[in-house]
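# Analysis of the macromolecular model
Residue-level listing of the chains:
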Amino acid sequence: MIQPPRNKAERRRLYGQPIQAHGDLRLTDLEIRGWWPDGLPLSWDFEQHANSIRCHRVVVEPLTAVFDRLQLRDALWMVKSYGGCWNHRLVRGGAEQSMHSWGVAIDLNTPTNRLGEYGDMPWVVVEAFKHYGWVWGGDFSRKDFMHFQYGR
């Protein structure tokens, strides 16, 4: 498994420039129906479900490992909604590109884990991501409990 980058220079070397288009060759769709047969409810519309996660191809292996670990621990049910992965944008309220711009960050359970607030992300989910080198937004100075990113 590729180790997550520790700084901006490593991030640019591993991920390249932020991804601006759906057709970029670095993006892939990770099928998730093997873990969630009906897909994951979208955080902004629980009537619709995601059957795949559009992400940078570098994070497919570590994201797969996280979901497999959650499945082994009978904890997939704790992931209740999907809030997005790839989204070319700036950090909310900032001037730098969000890790979502590379497709290497994912938001989960967003309705109960709002930016800047303490949320209820289950520790078993946090531990699974951290085990494979992901950084959790709950450890940020501006809390972002829904957020996990592969690198600093």
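Up top you'll find the structure we're talking about.
As a starting point, this report considers the structure included with it. Since the structure is predicted, the reported quantities are computational estimates derived from the model, not experimental observations. (Residues numbered from 1 in each chain as written. Predicted model: local features only at pLDDT ≥ 70, side-chain atom pairs only at ≥ 80, totals over all residues. Heavy atoms only, no water.)

## Notes on the pairing of strand 6 (residues 105–108)
Residues A105 and D107 line one face of strand 6 and the alternating positions I106 and L108 line the opposite face, and both faces are buried. As judged from the two bridges shared by strand 5 (residues 82–84) and strand 6, these two strands associate in the antiparallel manner. Note that in strand 6 the partner of G84 across the bridge is D107. Relative to strand 8 (residues 147–149), strand 6 is paired through three bridges, and the arrangement is antiparallel. The residue of strand 8 that forms the bridge with D107 is H147. (Buried < 20%, exposed > 50% of the residue type's maximum accessible area, 1.4 Å probe, protein only. Helix = DSSP H or I, 4+ residues; strand = E, 2+ residues; numbered from the N terminus. Pairing = 2+ DSSP bridges.)

## Some thoughts on the packing of helix 2 (residues 60–72) against helix 3 (residues 123–131)
Pairs of packed helices are described in terms of their axes, by the angle between the two and the distance that separates them. For the pair helix 2 and helix 3, the least separation of the axes is 9 Å and the interaxial angle reads 140°. Looking at the two axes, helix 2 sits oblique to helix 3. For the crossing formed where helix 2 meets helix 3, the hand is right-handed. Between helix 2 and helix 3, the contacting residues are L63, V66, F67, R69 and L70 on the first element and V124, V125, E127, A128, F129 and H131 on the second. Split into classes, the residues belonging to the contact of helix 2 with helix 3 amount to eight nonpolar, one polar and two charged. (Axes fitted to C-alpha atoms, helices over the stretch in contact; angles between N-to-C directions. Parallel < 35°, antiparallel > 145°, perpendicular 65-115°, else oblique. Left-handed = near helix turned anticlockwise from the far one by under 90°. Contact = heavy atoms within 4.5 Å. Nonpolar A, V, L, I, M, F, W, Y, C, P; charged D, E, K, R; others polar.)

## Focus: the pattern of salt bridges
All told, the structure shown has eight salt bridges when counted by the stated rule. D24 is the partner of R26 in a salt bridge, and the nearest nitrogen-oxygen pair spans 3.1 Å. A residue is classified by how much of its surface remains accessible, and R26, at 18% relative accessible area, is buried. The partner of E127 in a salt bridge is R73, with the nearest N and O atoms 3.1 Å apart. On the criterion of sequence distance, the pair formed by E127 in helix 3 and R73 in the loop between helix 2 and strand 5 is long-range, its members being 54 residues apart. Take R73: its relative accessible area is 43%, and that puts it in the partly exposed class. In this structure, a network of salt bridges that share partners links the residues R69, R73 and E127. (Salt bridge = Lys/Arg side-chain N within 4 Å of Asp/Glu carboxyl O.)

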